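Working through the structure, step by step
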Amino acid sequence: MKIPKNHPRYNSLMQRELIEDGVKRGIVTQTGMIAHGRGEAFDYLLGEKTNPEARKQIGAAAAMLVLAKRPVISVNGNATALCAKEIAGLAKAIPARIEANIFYPPEKRRKIIAREFAKLGAKILGTKPTKKIRGLGSARSNVDAEGIWKADVVLVMLEDGDRTEALRKSGKKVIAIDLNPLSRTAQKANIAIVDNITRAVPMLEKKAGEFRKKGEKLLRAKIKQFNNKKNLDSVLSRMRKGNTK
Ligand code: PTJ
């Protein structure tokens, strides 16, 4: 379907098309459509815009990514379908490695995801995972020895479950992008960005570019000032008040 650019719900409809197309091309698991619908509902409650809390969260996250020694951006099917190009741009700006990590079979989807990034000139990890993150029963535990396994900071997006907790238990810092402020992922992350990945990733790229020119002291201060729980509480009260356009 050709969506006219001036359609009031253009962005939202475009995202549906990308997910549908991703399913057809084997990038997105069918359950990814349910995850997307859940995200749409939360995004609606946020007025489908980046709110002041998210701006703070993005600032702290960009500082953490720029200061990291081995940052890794973890991508699944939905993230790839919605914004592979923007993720590749963010990885360059930090700089960070990208690793495919999926929950649902088939495992060959890791290769399909890697091919999508290869088309954009980005070589990613995760097609031959040899290490396992402890405490996870799912395929999400399978990680690349040179990627998530050795990472000090991992950026996860568009997933809920127990991975953030397991990554933190293994000594890593976790930044999560999740539209649900109540999800386990958002609650357990060091920094949760409650925003749509299609808006948050380009903003993170911009901030990371700016922060690379700043001193370490200022970036450390940004992280120190940040309080994940306080920000999530503030997002929740914004949603309850009704933040529609
Ligand atoms: O790893 P894969 O490719 O096998 O796919 C895994 C999915 C995405 C299917 C799986 O992780 C899943 O079922 O996720 P959940 O439990 O539905 O969690 C997805 C979370 O992402 C929910 O909290 C949604 O609100 C949120 N979400 C959905 N769309 C977006 C989003 N957050 C940010 N931006 C979005 N566009």
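This section reports on the structure supplied with the text. (Residues numbered from 1 in each chain as written. Predicted model: local features only at pLDDT ≥ 70, side-chain atom pairs only at ≥ 80, totals over all residues. Heavy atoms only, no water.)

**Thoughts on the sheet that holds strand β1 (residues 71-75)**
- An order of β2-β1-β5-β6-β7 is seen for the five strands of this open sheet, with the pairing classed as parallel. Of all strands in the sheet, those with a lone pairing partner are β2 (97-100) and β7 (191-193), marking the two edges. Across the sheet, the mean angle from the axis of one strand to that of its neighbour is 20 degrees, orientation sign disregarded.
- Pairing analysis gives four bridges linking β1 to β2, with the strands arranged parallel. (Pairing = 2+ DSSP bridges. Helix = DSSP H or I, 4+ residues; strand = E, 2+ residues; numbered from the N terminus. Axes fitted to C-alpha atoms, helices over the stretch in contact; angles between N-to-C directions.)

**Some words on unusual backbone geometry**
- In this structure, the amide linkage connecting I94 to the following residue, P95, adopts the cis form with an omega of -10 degrees.
- In this structure, P95 sits in the loop between α4 (77-93) and β2.
- Residues P105 and P106 are joined by a peptide bond in cis, for which omega reads 0 degrees.
- Relative to the assigned elements, P106 resides in the loop between β2 and α5 (109-119).
- For E48, which is not a glycine, the phi torsion comes out positive at approximately 50 degrees.
- Inspection of the secondary structure puts E48 in the loop between α2 (31-45) and α3 (52-67).
- Of note, L158 is a non-glycine position whose phi angle comes to about 55 degrees, a positive value.
- In this fold, L158 is placed in the loop between β5 (153-157) and α6 (163-169).

Keep in mind these values describe shape, not function.
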